Amino acid sequence: MQRYDFSPFYRSTVGFDRLFSRLDNLVGEDAKTYPPYNIERTGDDTYRVTIAVAGFSSGDIAIETKENSLQVKGSRAANGDKREFLHRGIAERAFELRFQLADYVEVSGASLENGLLHIDLKREIPESKRPRQIEIKGNGAQTIEDKTVN
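Per chain, residues are indexed from 1 in the order of the written sequence. It should be noted that, the model being predicted, local features are given only for residues of pLDDT at least 70 and side-chain atom pairs only at 80 or more, the latter also being counted only at that level, while totals for whole chains, interfaces and linings use all residues. The basis for every side-chain value is the complete set of heavy atoms in the structure, and neither hydrogens nor water enter the calculation.

(A) Inspection of the overall build of the protein chain at higher detail. Across its full length, the protein chain carries two helices and seven strands. Strands here are runs of E lasting at least two residues and helices are runs of H or I lasting at least four, both read from the DSSP assignment and numbered beginning at the N terminus. Order of helices (α) and strands (β) in the protein chain, N terminus to C terminus: α-α-β-β-β-β-β-β-β. Summary of the burial criterion: residues with accessible area below 20% of their type's maximum are buried, those above 50% are exposed, and those between are partly exposed, where the area comes from a 1.4 Å probe applied to protein chains only. Across the 150 residues in the protein chain, those meeting the buried criterion constitute 23%. Any two residues whose heavy atoms approach within 4.5 Å at even a single point are treated as in contact. Within the protein chain, contacts between residues at least 6 apart in sequence are counted, and of these 56% link residues at least 24 apart. Per-residue and other accessible areas follow the Shrake-Rupley method at a 1.4 Å probe size, with only the shown protein chains counted as cover for residues. Approximately 11,300 Å² of the protein chain is accessible, and the part contributed by carbon and sulfur atoms is 45%.

(B) Region of the structure containing the pairing of strand 5 (residues 95-100). Because side chains alternate across strand 5, one face comprises the buried residues Phe95, Leu97 and Phe99, and the other comprises Glu96, Arg98 and Gln100, none of which is buried. The criterion for strand pairing is that DSSP finds at least two bridges linking the strands in question. Bridge count between strand 4 (residues 69-74) and strand 5: six bridges; the pairing is antiparallel. When the sheet's bridge partners are listed, Val72 is paired in strand 5 with Leu97.

(C) Spotlight on the sheet that holds strand 2 (residues 46-52). Read across the open sheet, the four strands follow the order 1-2-7-6; overall the sheet is antiparallel. Sheet topology places strand 1 (37-41) and strand 6 (105-113) at the edges, where each strand pairs with a single neighbour. Strand-to-strand, the axes of this sheet are offset by a mean angle of 20°, without reference to chain direction. Sheet analysis places strand 1 next to strand 2, joined by five bridges and oriented antiparallel. Each bridged residue has a counterpart across the sheet, and for Arg41 the counterpart in strand 2 is Tyr47. For every element, the axis is a line fit to its C-alpha atoms; helices are fit only across the contacting stretch, and the angle between N-to-C directions ranges from 0 to 180 degrees.

(D) The arrangement of unusual backbone geometry in detail. Positive phi values are uncommon outside glycine, yet Glu67 reaches one of about 55°. Notably, Tyr104 is not glycine yet its phi reads approximately 70°, a positive angle. By relative accessible area, which is 33% here, Tyr104 ends up partly exposed.

(E) Expanded view of the side chain of Thr50. With respect to the helices, strands and loops of the structure, Thr50 is situated in strand 2. Since its relative accessible area comes to 8%, Thr50 is described here as buried. In terms of polar contacts, Thr50 uses its side chain to reach the side chain of His118, at 3.1 Å. Here a polar contact is recorded for every N or O atom pair within 3.5 Å, except that within protein the pair must consist of a potential hydrogen donor and a potential acceptor, and residues adjacent in sequence are included only if both atoms are side-chain atoms.

(F) View of the sheet that holds strand 5. Read from one edge to the other, the open sheet built from three strands follows the order 3-4-5, with strand pairing classed as antiparallel. Two strands close off the open sheet at either side, each with one partner strand: strand 3 (61-66) and strand 5. Going from strand to strand, the sheet's axes swing by 15° on average, the running direction of each strand aside.

(G) Representation of the nonpolar core within the structure. Counting residues in each nonpolar core, the largest one holds 19 residues, and the members touching the most others are Ile51, Val72, Ile119 and Leu121. If you list the elements that add at least two residues to this core, you get strand 1, strand 2, strand 4, strand 5 and strand 7 (116-123). Here, nonpolar core refers to any group of buried Ala, Val, Leu, Ile, Met, Phe, Trp, Tyr and Cys residues whose side-chain atoms link them within 4.5 Å.

(H) Molecular detail of the environment of Arg98. With respect to the helices, strands and loops of the structure, Arg98 is situated in strand 5. Here Arg98 falls in the partly exposed class, since its relative accessible area comes to 40%. For the pair Arg98 and Gln71, spaced 27 residues apart in sequence, the C-alpha to C-alpha distance is 4.5 Å. Among the polar contacts made by the side chain of Arg98, one reaches the side chain of Glu96 at a distance of 2.7 Å.

(I) The arrangement of the pattern of salt bridges in detail. For this analysis, a salt bridge means a side-chain nitrogen from Lys or Arg found within 4 Å of a carboxyl oxygen belonging to Asp or Glu. Tallied over the entire structure, the rule returns four salt bridges. Glu96 is the salt-bridge partner of Arg98, the closest N and O atoms lying 2.7 Å from each other. A residue is classified by how much of its surface remains accessible, and Glu96, at 26% relative accessible area, is partly exposed.

Pasting the structure below:
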């Protein structure tokens, strides 16, 4: 079983730690390995999930988000022709991958090119949740006059 080391992401990002913990623990204890996929950081608040979907067209794949969950399903219609394979190395079986997303992470787009499905994720923090600078007001320098009694 292949495991991914997300520790570099933990050190350099804030707020995505839950994302990588959940991705690391994909739907229970057994991580699904089909189809193979990559998760990469493409910017400060942007990520990309790339899934190898050789043999699938865009009509065979469904991407759905619900609450903090991303689900990718793929299934091909049964072909009526009887093909005889001498070697079958390209799996065309149905698949389902689920990813738990961190708060405020949304899918910003998806594309299919050269057998790779790219799903772009972006963290959009609402204005009310963004950090803001607080001005510190002080009393200023107060001068105390020294009045001596003669």
